[in-house]
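# Summary of the model geometry
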Amino acid sequence: MFCIKGLPVSLKRLAQPQIRLSSSAAKTFAHQKSIPRLPIPPLQQTLDSLLVSVTPLAKSSSEVDTLSSAVRAFGAPGGIGETIQNKLIDYETTQPYSWLEQIWLDNAYLSYREPGLINVNWWLVCKDHPFQPKDLLSKPPPKGVLSDFQIQRAAGLVSNLLNFKDQLDSEQLPVDYAKDKATGMKVPLCMHQYTCQYGATRIPKPGKDEIYTPHPATTKHIIVMLRDQIYKVDVVHSSGARVTLAELQRVFHEVGADSLQSTPQPPIGILTGGHRDNWATAYEHLSKLSKQNESNLQIIKDALFVLCLDDHSFKRNIDISHKQWFHNGDARNRWFDKAIQLVVASSGRAGVNGEHTPADAVAPGMIFDQMVQNEPAIDPPNAKADVRLSAPQKLLWDVDGKIKSFIATAQKQATALINDTDSVLLQTDVYGGKYIKEIAKASPDAYLQLLLQLSWYRLHKEPAAVYESATIRRFLHGRTETARTFTPEAWAFVQSFDDDNVLYDTKRELFARAIKAHTKVMDLATTGNGIDRHLLGLSAMTFDSPELSYDEAYRNLFGDTLFRRSKQWRLSTSNMSPGRSFYAGFGTVDPNGYGINYAIGEENIKLSIASKKSSRETDGYDLRESIQRSMTDLMILFPKRSQVWGLDWKQKDAEAKKHEAAMGALQQLSDKYLAKKAAVKAKYETREGGLE
């Protein structure tokens, strides 16, 4: 399941991220040397699993027969499958961490030449600050004006991001664990992806990009973007000392003032939103135009992350407002190649646009969950009140006619992509994980997958290949595997649901079988026994030996109609539960499909649904309506909540939430008191030391 693992649960831990763990806790990377390498599955196992997975997608029995014949020929003893399987096994011995790592980076990301904007980058919108002024949401400042609260929140979020980095660099970040179903024991997960966020930058190159992931990132500056102007801003003193929130606010205000007074620079950032080869050519030319340009690009590359201060806010309607973090309407005031772009709107709303290449959802999700849960931010305990940061440095660019043309081309490409992208959100409290677990007796993730497949089928009356991200972080440098969750059992269930000739008891039985099949697929994927990454690895072994790809059995398998249909991900999905701190989303993979991110809370479910406006087959609004209807209809199969929890379940649930909120407020007051007490104590201890 693609959910956040290892989240701290202690309220005090949430309120004080900078507090160091006791020495008895395992250091962040303590288990790295003992984490196993990703295995290469047996060839026949993968081929057998492939045939099972494609069955519900076949339009005729002859399609299944044709693919079965191709599979047999490919997997025959001494055949092409065995040849490239052995080649992959040999390749694995040459790789420092994983046979999949570089293959996945190259093929999923770095060789992809379409814009990273929407196609690669993901977005999230944070929940509102505890002290968010309501009038700023209903009536934000006019375009072109920043708000004081916007600057205050930006300073707090930046400081919280630096707190997390301090934990990571000092190896005080708790190790993430997963439960091994076979043994019931906790197994440590690979923590490598956390090292691929701060300072991480995608560098455009002709044909294939590069990814820069320093760890620990030793620079002390971030990039602040405002009105398409780019500033180098130190957020840690040159001595290494952390600074107060007030000092961060001061330098951010300086950026705001300078952006209004200084000579405007061309919108270089838009180049990161265009086609990768356009950007690669522009990048090379820009570097050669002057030493100043070369230095600027290095400054951006080395920056810990980007802070985008927007001098505007989108409409409050959630179907519109989240697009400020998705693409900003025009892809301006962004640098889409940085792993972390923190975006704060003039209303005080905040979120992130992230570059997907260096890491998957879990690691950044953990970072941003902690960033938001620790609002309102407080000064780090090691902050020096008398330390002042150097003045922000505006990056000045030397451009010529070619660069201006590249900028115009990138703007045209980004605008076309944005105009063809639709995205809608859904948050429902009809039920959540508690209902699914206690009443439907199902895995919440498996339940949601069936819900999505039923909703699709009701709209389109045909099957669809489903991609669900499954983490393989139990292996060294593990990323994700595809869980092919549209199983024969799921297909049987969704077809039966609206059939009045099928008894409810039979539907419940089909539901249970589909849940069980989903669990099996997910277990295989997360334990290194998936289908698609293995097939990718086999295919990659032909890249430097193209004669292998000319083999008839190879072409018959990888060119088969049913096989190719099984990789057309009409539903591309990702689970970011519990989603307590943010909404998240990403673009659709297939031009006639949907990109769906979901988060399952105890009492609610959040979804984002992306699609293409140019598609005549898909419509996010229609799918959202189908999901809402299907959520309610699925309750027909199971007892009402009142039958399980009692008629007064709503009152009891409201009282429990009220108690939880009260305890949270008391904890915040306690934390503030302790922080002030510590500050006063430190102040007087300093004075006494001076007198002595």
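Residues numbered from 1 in each chain as written. Predicted model: local features only at pLDDT ≥ 70, side-chain atom pairs only at ≥ 80, totals over all residues. Heavy atoms only, no water.

### Focus: the overall build of the protein
- A tally of regular secondary structure across the protein gives 25 helices and 18 strands.
- Its C-alpha atoms give the protein a radius of gyration of 26 Å, near enough to 26 Å, the size a compact globule of 692 residues would have.
- Taken over 692 residues, the protein has a buried fraction of 57%.
- Taking the contacts inside the protein whose residues are at least 6 apart along the sequence as the reference set, 78% of them involve residues at least 24 apart. (Helix = DSSP H or I, 4+ residues; strand = E, 2+ residues; numbered from the N terminus. Rg over C-alpha atoms; globule rule 2.2 N^0.38 Å. Buried < 20%, exposed > 50% of the residue type's maximum accessible area, 1.4 Å probe, protein only. Contact = heavy atoms within 4.5 Å.)

### A short note on the nonpolar core
- Formed by 80 residues in total, the largest nonpolar core has its most connected members in Phe74, Tyr447 and Phe493.
- Looking at which element gives the most residues to this core, the answer is helix H16 (residues 444–460), with 9 residues.
- When near neighbours in sequence (up to four residues on either side) are disregarded, phenylalanine 493 contacts Leu450, Lys507, Leu510, Phe511, Ala514, Leu634 and Leu637. (Core = buried A, V, L, I, M, F, W, Y, C linked by side-chain atoms within 4.5 Å.)

### Some points on empty space enclosed by the protein
- Counted under the stated rule, the structure contains 8 cavities of 30 Å³ or more.
- Estimated volume of the largest cavity: approximately 60 Å³.
- Around the largest cavity, the lining residues are Leu38, Pro39, Pro41, Trp99, Leu100, Ile472, Glu481, Ala525, Gly528, Gly530, Arg533 and His534.
- Class assignment for the residues of the lining of the largest cavity results in 7 nonpolar, 3 polar and 2 charged. (1 Å grid on protein atoms, 1.4 Å probe; cavity = no way out; pocket = protein on both sides within 12 Å on 5 of 7 lines; lining within 4 Å. Points joined across faces, edges and corners; volume = space filled by probe spheres on them. Nonpolar A, V, L, I, M, F, W, Y, C, P; charged D, E, K, R; others polar.)

### Some points on the packing of aromatic side chains
- Per the stated rule, a full pass over the model turns up 21 aromatic pairs.
- One residue, lysine 507, lies across the ring of phenylalanine 497, its end atom 5.7 Å from the ring centre.
- Sitting over the face of the ring of tryptophan 104, arginine 533 holds its NZ or CZ atom 3.8 Å from the ring centroid. (Phe/Tyr/Trp six-rings, centres within 6.5 Å; stacked < 30°, edge-to-face > 60°. Lys NZ or Arg CZ within 6 Å of the ring centre and 35° of its normal.)

### A few points about unusual backbone geometry
- Cis peptide bonds are those with omega within 30 degrees of zero, and the linkage from histidine 215 to proline 216 qualifies with -10°.
- Turning to its location among the elements, proline 216 is positioned in the loop between strand E5 (210–212) and strand E6 (221–226).
- Backbone torsion omega between glutamate 375 and proline 376 reads -5°, so that peptide bond is classified as cis.
- Unusually for a residue other than glycine, arginine 227 sits at a positive phi of about 55°.
- Within the secondary structure, arginine 227 sits in the loop between E6 and strand E7 (229–234).

### A closer look at the sheet that holds strand E13 (residues 465–471)
- Within the open sheet, the 6 strands sit side by side as E12-E18-E17-E15-E13-E14. Their pairing is mixed. One side of each edge strand has no neighbouring strand; the edge strands of this open sheet are strand E12 (421–428) and strand E14 (480–483). The average undirected angle you get between the axes of adjacent strands in this sheet is 20°.
- Of the strands in this sheet, E13, E14 and strand E15 (569–575) are in contact with helix H19 (residues 532–540), which crosses E14 at around 115°. (Pairing = 2+ DSSP bridges. Axes fitted to C-alpha atoms, helices over the stretch in contact; angles between N-to-C directions.)

### Notes on the sheet that holds strand E9 (residues 340–344)
- The strand order E11-E7-E6-E8-E9-E10-E1-E16 describes an open sheet built from 8 strands, whose pairing is mixed. Each of the sheet's edge strands pairs with one partner strand only, and the pair in question is strand E11 (393–394) and strand E16 (582–586).
- The sheet contact formed by strand E1 (residues 122–126) and E16 spans 5 bridges and is antiparallel. Looking at the pairing, cysteine 126 lines up with phenylalanine 582 of E16.
- With respect to the sheet, helix H7 (residues 148–169) is in contact with E1, E6, strand E8 (306–309), E9 and strand E10 (350–354), its orientation differing from that of E9 by roughly 155°.
- Sitting on the sheet, helix H13 (residues 362–373) is in contact with E1, E9, E10 and E16, with an inclination near 20° to E1.

### Quick look at the packing of helix H9 (residues 276–289) against helix H14 (residues 401–419)
- Closest axis-to-axis distance for the H9/H14 pair is 10 Å, and the angle between their directions is 155°. In terms of axis orientation, H9 runs roughly antiparallel to H14. Here H9 and H14 pass one another in a crossing that is left-handed. In this structure, H9 contributes Asn278, Thr281, Ala282, His285, Leu286 and Leu289 to the contact, and H14 contributes Lys402, Ile403, Phe406, Thr409, Ala410 and Gln413.
- Looking at side-chain class alone, the contact of H9 with H14 contains 6 nonpolar, 5 polar and 1 charged residues. (Parallel < 35°, antiparallel > 145°, perpendicular 65-115°, else oblique. Left-handed = near helix turned anticlockwise from the far one by under 90°.)

### Description of the pairing of strand E18 (residues 605–612)
- By the criterion of burial, E18 is predominantly enclosed, with 8 of the 8 residues buried.
- Residue alternation in E18 divides its side chains into two sets, Ile605, Leu607, Ile609 and Ser611 and Lys606, Ser608, Ala610 and Lys612, and both sets are buried.
- Both E12 and E18 contribute to a ladder of 8 bridges, which runs antiparallel. Paired with aspartate 422 across the bridge in E18 is serine 611.
- Where strand E17 (residues 594–600) lies against E18, 6 bridges are found, and the strand directions are antiparallel. When the bridges of E18 are listed, alanine 599 appears paired with lysine 606.

### Remarks on a nonpolar patch on the surface
- A cluster of nonpolar side chains, namely Met663, Leu666 and Leu669, defines an oily patch on the protein surface of about 310 Å² accessible area.
- You can see leucine 666 is positioned in helix H25 (residues 649–691).
- For leucine 666, a relative accessible area of 52% translates into the label exposed. (Patch = residues over 30% accessible without salt bridge, like charges linked within 9 Å, V, L, I, M, F, W, Y side chains within 5 Å. Areas by Shrake-Rupley, 256 points an atom, 1.4 Å probe, with all protein chains shown as cover. Salt bridge = Lys/Arg side-chain N within 4 Å of Asp/Glu carboxyl O.)

### A word on the environment of tryptophan 569
- Of note, tryptophan 569 is situated in strand E15.
- Its relative accessible area of 9% is what places tryptophan 569 among the buried residues.
- For the pair formed by tryptophan 569 and aspartate 106, sequence separation is 463 residues and the distance between their alpha carbons is 20 Å.
- In contact with tryptophan 569, not counting residues within four places along its chain, are Ala465, Val466, Tyr467, Thr482, Arg484, Asp532, Val589 and Asp590.

### Remarks on the state of the cysteines
- A full pass over the atoms with the stated rule returns 0 disulfides.
- Cysteine 190 takes part in no disulfide bond, and the closest cysteine sulfur, belonging to cysteine 196, lies 9.0 Å away.
- Residue classification places cysteine 190 among the buried positions, given a relative accessible area of 3%. (Disulfide = S-S within 2.5 Å.)

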